[in-house]
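Now for the letters of each chain:
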Amino acid sequence: MTELYHRFEGYDLLKPLLDGSHEDVLVALAGKPALIRIPGTERGPGARLIACLLHGNEDSGYRAAVDLLRAGAHWPFDLWVLVGNVRAASSEGWFAHRYLDDQEDFNRVWGAIRPTTRMRRCAGAILDELASANLHAAVDLHNNTGQNPFYTIAPVNDAETIRLASLCCDTLLLWGQRALTLMEALSAYCPAVAVECGLPGRLEHAAFAARVIDRFLSADLGNIDGHAPSRVLEIRYRVSVRREVPFAFGGALTDDVDLVLRPELDAHNFGMLLAGTVIGRASPGAAMPLVATDMQRRDTTERFFRITGSGDIVVTEDVIPVMFTTTVEQTRRDCLFYVTRPS
Ligand SMILES: [Zn+2]
């Protein structure tokens, strides 16, 4: 055991921890991430990594990964498994927080050149180990907080990464941001993608994550046949609520709520939000409470939104939104939604 995270080689010390429920396994991990290597049965083939729970409220990939490890199998290649923010997943209930108030987002700390925090040192140490693991591919499993189809996010638009992405899902989102995510850091070594397995807390989404893992581990990565994703979108803009504006989804404007967003906007994810759609309401005379930025963080708010004299917030151009969330916490901790373009 190291100071910053648990480290397991093979099943010997790991097996007893896997008894009991998925929540019992979190208890056994006692608030620290875990990095596991299951040695391959052959020498030579490149290693593969499955990451999960970088966000503590996203349980689907974690449940699938624990079930995989319980089966105790070996593969021709080394299998690495990373279990991320155990502390957030086991604080104030189970799988209740993306990250805790005293933490950073564990998927925004990878590849920081001079780590300033314990979490960044932890990420740096894990990345150092993975850099010498001869990784050939990596899949990082996530959930969304709103309704979305299953999709893969690729940080790099190259043939190998797109093939890996299409092995996981039919829909692909190209991620142009530089945000210190795990997949961005790993893409320096191997094709690396994130897979979004729908809403958390649903058995069928853990089952989907298990199918992704199965396809990933059984594929001959050098010979994935040429099936391409059926739909490719590129993230172009990020929309958030201005920091100082207290807001809610649904309900009425009050002394404590300066912006009410329409609930169920997530129904538009990967569909279309048409020009003229009213997505929320602020007080008459209020200034625009939303902010949109492009991938270079330039302000593009006026291009997409306007506010009427009576406080209606109107979309001014047809857009394809993705990852529209339905919670205030997720909006604060990531954003309200992203605007994409077909690629
Ligand atoms: Zn996530």
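Remember, it's a predicted structure, so these values are computed and weren't measured experimentally.

Definitions and cut-offs
- Throughout this description, residue numbers start from 1 for each chain and increase along the sequence as written.
- Predicted model: local features are reported for residues with pLDDT of at least 70 only, side-chain atom pairs are reported and counted for 80 or more only, and whole-chain, interface and lining totals are derived from all residues.
- As a rule here, side-chain values cover all heavy atoms of the structure and leave hydrogens and water aside.
- Each helix corresponds to a stretch of at least 4 residues labelled H or I by DSSP, and each strand to a stretch of at least 2 residues labelled E; elements are numbered beginning at the N terminus.
- Two things to know: the radius of gyration comes from C-alpha atoms, and the globule rule equals 2.2 Å times the number of residues to the power 0.38.
- When a residue's accessible area, from a 1.4 Å probe over protein chains only, is under 20% of the maximum for its type it is buried; when over 50% it is exposed; and in between it is partly exposed.
- The contact definition used throughout considers only heavy atoms, calling two residues in contact when any of these lie within 4.5 Å.
- The accessible surface values rely on the Shrake-Rupley method and a 1.4 Å probe; as for residues, cover is taken only from the protein chains in view.
- Buried and open spaces are told apart on a 1 Å grid over the protein atoms alone, a cavity being a set of points where a 1.4 Å probe fits but cannot get out and a pocket being an open set with protein on both sides within 12 Å along at least five of seven lines. Residues with an atom within 4 Å of a point are the lining residues.
- Grid points are joined across faces, edges and corners, and a volume is the space filled by probe spheres set on the points.
- Three classes are used, and their members are as follows: Ala, Val, Leu, Ile, Met, Phe, Trp, Tyr, Cys and Pro are nonpolar, Asp, Glu, Lys and Arg are charged, and the others, Gly among them, are polar.
- Note on donors: an N, O or S atom is included if it sits within 2.8 Å of the metal, or within 3.2 Å for Na, K and Ca, and water is never included, so sites can look incomplete.
- For a four-donor site, all angles between 85 and 135 degrees give tetrahedral; for four or six donors, opposite pairs above 155 degrees with the remaining angles between 65 and 115 give square planar or octahedral; all remaining cases count as irregular.
- By definition, two strands form a pair when at least two bridges between them are found by DSSP.
- Simply put, an axis is a line fit to the C-alpha atoms, just over the touching stretch for a helix, and the angle between two N-to-C directions goes from 0 to 180 degrees.
- A side-chain nitrogen of Lys or Arg and a carboxyl oxygen of Asp or Glu constitute a salt bridge if their distance falls within 4 Å.

1. Points about the overall build of the protein chain
Logical step 1: Along the backbone of the protein chain there are 9 helices and 17 strands.
Logical step 2: Relative to a compact globule of 343 residues, whose C-alpha radius of gyration would be 20 Å, the protein chain shows 21 Å and is just as compact.
Logical step 3: Counting only residues that meet the buried cut, the protein chain has 56% of its 343 residues in that class.
Logical step 4: Considering only contacts in the protein chain between residues 6 or more positions apart, those separated by 24 or more positions represent 74%.
Logical step 5: On the protein chain, roughly 14700 Å² of surface is accessible, and the fraction owed to carbon and sulfur atoms is 50%.

2. A look at the layout of surface pockets
Logical step 1: When its volume is computed, the largest pocket comes out at roughly 430 Å³.
Logical step 2: What lines the largest pocket is a set of 20 residues, and nearest its centre among them are Arg 108, Gln 177, Ala 179, Arg 238 and Arg 297.
Logical step 3: Put simply, the parts of the chain that give the lining of the largest pocket at least two residues each are β9 (231-241), β13 (290-294) and α9 (328-333).
Logical step 4: The leading source of residues in the lining of the largest pocket is β13, at 3 residues.
Logical step 5: Here the second largest pocket is characterised by a volume of approximately 310 Å³.
Logical step 6: In terms of lining, the second largest pocket is formed by 17 residues, of which the most central are Gly 31, Arg 87, Gln 103, Arg 118 and Met 119.
Logical step 7: If you list the elements that add at least two residues to the lining of the second largest pocket, you get α3 (86-89) and α4 (118-131).
Logical step 8: The residue makeup of the lining of the second largest pocket, split by class, is 6 nonpolar, 5 polar and 6 charged.

3. Remarks on the coordination of the zinc ion
Logical step 1: Looking at the metal site, the zinc ion is ligated by His 55 (ND1), Glu 58 (OE), Glu 58 (OE) and His 142 (ND1), spaced 2.0 to 2.5 Å from it.
Logical step 2: Classification of the site at the zinc ion as irregular follows from its 4 donor atoms and the range of 56 to 144° in their angles at the metal.
Logical step 3: If you list the donors of the zinc ion from N- to C-terminus, the spacing comes out as H-x2-E-x83-H. A residue pair is termed long-range when its members are at least 10 positions apart, and His 55 in the loop between β3 (47-52) and α2 (60-70) and His 142 in strand β5 (residues 135-142) qualify at 87 residues. In this structure, His 55 and His 142 share a single accessibility class: buried.

4. So, the sheet that holds strand β14 (residues 305-307)
Logical step 1: Taken together, the 5 strands give an open sheet; going across it, the order is β10-β11-β12-β15-β14, and neighbouring strands pair in mixed fashion. Strand pairing shows two members of the sheet lacking a second neighbour, β10 (247-249) and β14, which therefore form its edges. Across the sheet, the axes of successive neighbouring strands diverge by a mean angle of 25°, strand direction being ignored.
Logical step 2: Relative to strand β15 (residues 312-315), strand β12 (residues 278-282) runs antiparallel, the two sharing 3 bridges. Bridge pairing links Val 278 to Val 314 in β15.

5. Comments concerning empty space enclosed by the protein
Logical step 1: What the rule picks out here adds up to 3 cavities of 30 Å³ or more.
Logical step 2: A volume near 270 Å³ is recorded for the largest cavity.
Logical step 3: Taken together, 24 residues make up the lining of the largest cavity; nearest its centre are Arg 98, Asn 144, Glu 196, Met 323 and Asp 334.
Logical step 4: Residues belonging to the lining of the largest cavity are distributed by class as follows: 8 nonpolar, 11 polar and 5 charged.
Logical step 5: Here the second largest cavity is characterised by a volume of approximately 60 Å³.
Logical step 6: Taken together, Leu 14, Leu 17, Leu 18, Val 25, Leu 29, Ala 34, Ile 36, Tyr 62, Val 66, Leu 69 and Val 83 form the lining of the second largest cavity.

6. Some words on the pattern of salt bridges
Logical step 1: In the structure shown here, the tally under the stated rule is 19 salt bridges.
Logical step 2: Between Glu 129 and Arg 7 there is a salt bridge whose closest N-O contact spans 2.8 Å. With Glu 129 in helix α4 and Arg 7 in strand β1 (residues 6-9), the pair connects residues that are 122 residues apart, well separated along the chain.
Logical step 3: Relative accessible area serves as the criterion here: at 22%, Glu 129 is assigned to the partly exposed category.
Logical step 4: A cluster of three or more residues bridged by salt bridges with shared partners is formed by Arg 7, Glu 9, Arg 37, Asp 78 and Glu 129.

7. What about α2?
Logical step 1: Taken across its 11 residues, α2 has 9 buried, putting it largely inside the fold.
Logical step 2: Along α2, the residues classified as buried are Ser 60, Gly 61, Tyr 62, Arg 63, Ala 64, Ala 65, Val 66, Leu 68 and Leu 69.
Logical step 3: Packing partners of the buried residues in α2 comprise α1 (22-29), β2 (34-38), β3, β4 (79-83), β5 and α7 (203-218).
Logical step 4: Backbone geometry just downstream of α2 places Gly 72 in the positive-phi region, at approximately 70°.

8. With respect to the pairing of β13
Logical step 1: In terms of burial, β13 is a largely internal element, 5 of the 5 residues being buried.
Logical step 2: Of the two faces of β13, the one carrying Leu 290, Ala 292 and Asp 294 and the one carrying Val 291 and Thr 293 are both buried.
Logical step 3: Across 5 bridges, the pairing between β9 and β13 is antiparallel. In the strand pairing of β13, Val 241 is matched with Leu 290.

That is the geometry; function is a separate question.
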